[in-house]
Amino acid sequence: MAKNTGKGYRIGQQKNRYQQKNLLTMLFDLFDGNGNYVRSKKSKGKFKGVETRRARKPPRG
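Nothing here was measured: the structure is a model prediction, and the numbers come from that model. Residue numbers here run from 1 along each chain, matching the order of that chain's written sequence. Owing to the predicted nature of the model, reporting of local features is limited to residues with pLDDT of at least 70; listing and counting of side-chain atom pairs is limited to 80 or more, with chain, interface and lining totals taken over all residues. The side-chain values count all of the structure's non-hydrogen atoms but skip hydrogen atoms and water molecules.

Asks: Describe the pattern of salt bridges, listing the residues and the values that go with them.
Replies: In what follows, salt bridge is the name for a side-chain nitrogen of Lys or Arg lying within 4 Å of a carboxyl oxygen of Asp or Glu. Taken as a whole and judged by the stated rule, the model has one salt bridge. As a salt-bridge pair, Glu51 and Arg53 come within 3.5 Å of each other at their nearest N and O atoms. Burial classification: accessible surface area is computed with a 1.4 Å probe over protein chains only, and a residue below 20% of its type maximum counts as buried, one above 50% as exposed, and the rest as partly exposed. Glu51 gets classed as partly exposed once you look at its relative accessible area, which sits at 35%.

Okay, structure coming up:
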């Protein structure tokens, strides 16, 4: 379990979570370990303490 320090960073990694950059919105989307969508980041940048993966398929459109 990741712990917040209150200083702008996190100690440890969030388990069973990963993030991918959404090329349509240019924001990061958070997924659980089963690949289910959880939420999108509202501000720019990445989620803290979450593994980053590349998208498997190119975006449609």
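From this point on, the discussion continues.
Asks: Describe in detail unusual backbone geometry, supporting the description with residues and values.
Replies: Despite not being glycine, Asn16 shows a phi value in the positive range, around 55°. Strands are runs of DSSP state E lasting at least two residues, helices are runs of H or I lasting at least four, and both sets are numbered from the N terminus onward. Structurally, the position occupied by Asn16 is in the loop between strand 2 (10-11) and strand 3 (17-22). Phi at Met26 is positive, roughly 60°, even though this residue is not glycine. For Met26, the position within the fold is in the loop between strand 3 and strand 4 (27-32).

Asks: How would you summarise the packing of aromatic side chains if you had to cite specific residues and measurements?
Replies: Side-chain rings of Phe, Tyr and Trp (the six-membered ring for Trp) are treated as a pair once their centres are within 6.5 Å; stacked means planes under 30 degrees apart, edge-to-face means over 60, and tilted covers the remaining angles. Tallying each qualifying case throughout the model produces two aromatic pairs. Taken together, Tyr18, Phe31 and Tyr37 form an aromatic cluster joined through their ring pairs. Across from the ring centre of Tyr18, 4.1 Å away, lies the NZ or CZ of Arg53, which sits over that ring. Whether a charge lies above a ring is judged from NZ of Lys or CZ of Arg, which has to be within 6 Å of the ring centre and within 35 degrees of the ring normal.

Asks: An account of the environment of Thr25 is needed here, citing residue identities and associated values.
Replies: Tracing the sequence through the fold places Thr25 in the loop between strand 3 and strand 4. For the pair Thr25 and Ser40, spaced 15 residues apart in the sequence, the C-alpha separation amounts to 9.6 Å.

Asks: How would you summarise the sheet that holds strand 5 (residues 37-40) if you had to cite specific residues and measurements?
Replies: At least two DSSP bridges between two strands are needed for those strands to be called paired. With mixed pairing, the four strands of this open sheet are ordered in space as 5-4-3-6. The outermost strands of the open sheet, each flanked by one partner alone, are strand 5 and strand 6 (51-52). By the bridge criterion, three bridges tie strand 4 to strand 5 in an arrangement that is antiparallel. When the bridges of strand 5 are listed, Asp29 appears paired with Ser40.

By themselves, these are just geometric observations and shouldn't be taken as functional.
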